[in-house]
Amino acid sequence: MDHTNHEHNGHNEQKGKNEHHGPSHTNATEKEADVQERHGSHDQQEKNFDHGSHETHESHKSHENHDHTSMVNDFKVRFFVSLLITVPILLLSPMIQMFLGIDFSFPGDHYLLFFLSTVLFVYGGKPFLTGSVKELKEKTPGMMTLISLAIIVAYLYSSISVIFFDGIEFFWELATLIVIMLLGHWIEMKSVQGASRSLEELVKLMPEEAHLIRENGEISDVPVSTLKSGDRILIKPGEKIPVDGVVFDGISSVNESMITGESVPVEKGRGDVVIGGSINGEGIIKFTVNRVGQETFLSQVMKLVREAQSSKSKTQRLADKAAGWLFYIAVSAGTITFLAWMAVTGDLGYAMERAVTVIIISCPHALGLAIPLVTAVSAGIGAKKGLLIRNRAAFENARTISTVVFDKTGTLTEGEFGITDIHAIAVTQDELLEIVYALEAQSEHPIAKGIVRVGRMRNLPLKEVVNYQNITGMGLKGQVEGKEIMIAGPAYLRTEQILFDEGDYEKLAQEGKTVIFVLEGKKLLGLIALSDMVKEDAKEAVERLKEMNIDSYMLTGDNRRVAAYVGEQLNITQVYAEVLPQEKAEKIEEIQKTKGRVAMTGDGVNDAPALAKSDLGIAIGAGTDVAIETADIILVKSNPLDVVYLLKLSRATYRKMIQNLIWATGYNAIALPLAAGVLINQGIVISPALGAVLMSLSTIVVAINARLLKIE
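The protein chain appears in an unreviewed UniProt entry as P-type Cu(+) transporter from Dehalobacterium formicoaceticum. The heading Catalytic activity (unreviewed entry) in the UniProt record of the protein chain holds the text "Cu(+)(in) + ATP + H2O = Cu(+)(out) + ADP + phosphate + H(+)". UniProt lists a comment for the protein chain under the heading Sequence similarities (unreviewed entry), and it reads "Belongs to the cation transport ATPase (P-type) (TC 3.A.3) family. Type IB subfamily."

Caption draft 1: Spotlight on the side chain of Asp-109. Note that Asp-109 resides in helix α4 (residues 109-123). Buried charge Asp-109 goes without a salt bridge, the closest partner of opposite sign being Arg-354 at 22 Å.

Caption draft 2: Representation of the sheet that holds strand β13 (residues 465-471) within the structure. Taking strand neighbours across the sheet as the criterion, the six strands line up as β12-β17-β16-β15-β14-β13 in an open arrangement whose pairing is antiparallel. Where the open sheet ends on each side, the last strands, each with one partner, are β12 (413-424) and β13. Mean inter-strand twist for the sheet, computed between neighbouring axes without regard to direction, equals 20°. Pairing between strand β16 (residues 514-520) and strand β17 (residues 523-534): seven bridges, direction antiparallel. Paired with Thr-514 across the strands is Leu-530, a residue of β17.

Caption draft 3: Up close: the sheet that holds strand β9 (residues 285-289). In spatial order, the strands read β2-β1-β3-β9-β4-β7; together these six strands make up an open sheet with antiparallel pairing. On the outer flanks of this sheet lie β2 (219-223) and β7 (273-274), each paired with one strand and no other. One ladder, built from four bridges, connects strand β3 (residues 232-235) with β9; its direction is antiparallel. From the neighbouring strand, Ile-233 faces β9, where its bridge partner is Phe-287.

Caption draft 4: Molecular detail of the packing of helix α24 (residues 641-666) against helix α25 (residues 668-676). With their axes 7 Å apart at the nearest point, α24 and α25 run at an angle of 10° to one another. With respect to each other, α24 and α25 are oriented roughly parallel. Within the contact between the two elements, α24 uses Ala-664, Thr-665 and Gly-666 and α25 uses Asn-668, Ala-669 and Ile-670. Partitioning the contact of α24 with α25 into residue classes produces three nonpolar, three polar and no charged.

Parameters at a glance
- Residues numbered from 1 in each chain as written.
- Predicted model: local features only at pLDDT ≥ 70, side-chain atom pairs only at ≥ 80, totals over all residues.
- Heavy atoms only, no water.
- UniProt positions renumbered as here; feature names shortened; annotations may be inferred.
- Helix = DSSP H or I, 4+ residues; strand = E, 2+ residues; numbered from the N terminus.
- Buried < 20%, exposed > 50% of the residue type's maximum accessible area, 1.4 Å probe, protein only.
- Lys, Arg positive; Asp, Glu negative; His and termini not counted.
- Salt bridge = Lys/Arg side-chain N within 4 Å of Asp/Glu carboxyl O.
- Pairing = 2+ DSSP bridges.
- Axes fitted to C-alpha atoms, helices over the stretch in contact; angles between N-to-C directions.
- Parallel < 35°, antiparallel > 145°, perpendicular 65-115°, else oblique.
- Contact = heavy atoms within 4.5 Å.
- Nonpolar A, V, L, I, M, F, W, Y, C, P; charged D, E, K, R; others polar.

Right, here's the structure in full:
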């Protein structure tokens, strides 16, 4: 089976392509030359992605737990322990008792309150205190610094009040602030972790054992985790390939769709690379393991997951920026308030109380939940739709995308053959298709599978074939109902001087269709044209993007006629064809200069430079490791409509984040001056109790607003 001229899921669309009996997506002369090697060698150079051997599901999980999961669990434990300590702190706080109209006071209760608050301050506040040290070292005070300032001031002032004089204590404020901030961090980290669970499902599909060929030729089953580079592995028909390697014996077609997103099986022979996780066809192959450890494909995927988990959204940085400003405001306002009240009243205790109230109010509890809650909700919505957000900053900035550039094969098209035309000459269309169906049912070639699929859909009878032959460079041959049938390409007909309609053939060829001719002896029975079918949802995706005022472009390595034909079907007017991989990135940059922010959607090695260059890189399906590594968003499903959903979700998410930031910080503009006592002569001042109420209301509003996130 020759893979020289059919565009194949974007993996160098001018090289790694499928050819069957007849022409593919090149000009007629090239097609005739290529059809001479219908089942020839596969040009695998563009397929050597250096995928590594896969780890077992258990090793993957332990690797995952070592990093992000352990951090999530740490915040989870700190949150629940702190919550348990907070309950008695609230019950023992005089202001909370006064607010609730209850009295739980007893001798020494202040010291118990002080002890519990000290434990909470040290244990629950540790992540924020250590984080603030890092922020201050980098001279970029943000969320951690603001939280630390508030809890330190609240703790020190309250401790002094308990030990040295009978003043207002803020232990309740300290406790609730720590608990809510821990909850916010836990929610956000957990939501990002949840988005990566689809990758765990991939690992579950991996085989646990492999057939190891020992030096004496004996075959024994061993755990995949024990394999090392250089080991020789046997793969039986229908089995999943456990690790990556290079074939040294046997020939078989391999379905790599789970790994690369390619739905068309690829023939593998001596010297070809096989990818762990792909499924072997009907042949038996033997290969040598060439990738282990951190070089494995799965390790690369896990690296992407860790990046997704640790990536910090631009809006989160906006929250940090807001927190940074609030830090400076808190310090300044607190200092001014203290000095002003000392000058006016000379009452140290009252001046400190006003200053502390101002500083604590400057750190709104809701700020810690403003972004995490929206992140959690959007991650949940995205996960249900099959969106793996690798880079949250790119995801949120997707709201400004003005142009989406699509790769063709595997993105806008199915990546598998379907029948487009049946031209019967000496028989009826059904008779022609029945004959072809009978012969092609014996083959595992992608074109054969396309025909077999149609035959089964039409419930055609499967006729018996005698003396079936797969003639390399010519086509298929066999006897159907006693008649000698041959399926071949145009070059064979010309060689045998069998006349056919050149104009009809050329028209189909110019549309990028593969044409096969059916012969009975020297008699032409008809021809069938096949092509990579346009996805059902592709046209709707383009139309809906247009409704969002987003332009759609096509960027492909295929020839201009094929690209124009697909573009016409999808109403895409801006089509760039015959573009080499390095030129794709240049074309993206060119579009950016004229159209603004650009998203690139692709799945192949040749798309990687463009994915990296674009403002938003979207990998369709599993994609190749190179494509995934350079993409910002991975669409678990291969539905073009998910691009539309992604952009709408981005817009909705950003709106909610901005709304929550406003709710979380907006009341400070009013609360701070009132807490400082600007209107105290008018009898208006924010007491600690009223501050607690405002804080609670703001937090509730932020939580409800986040839950209302939905797609228009």
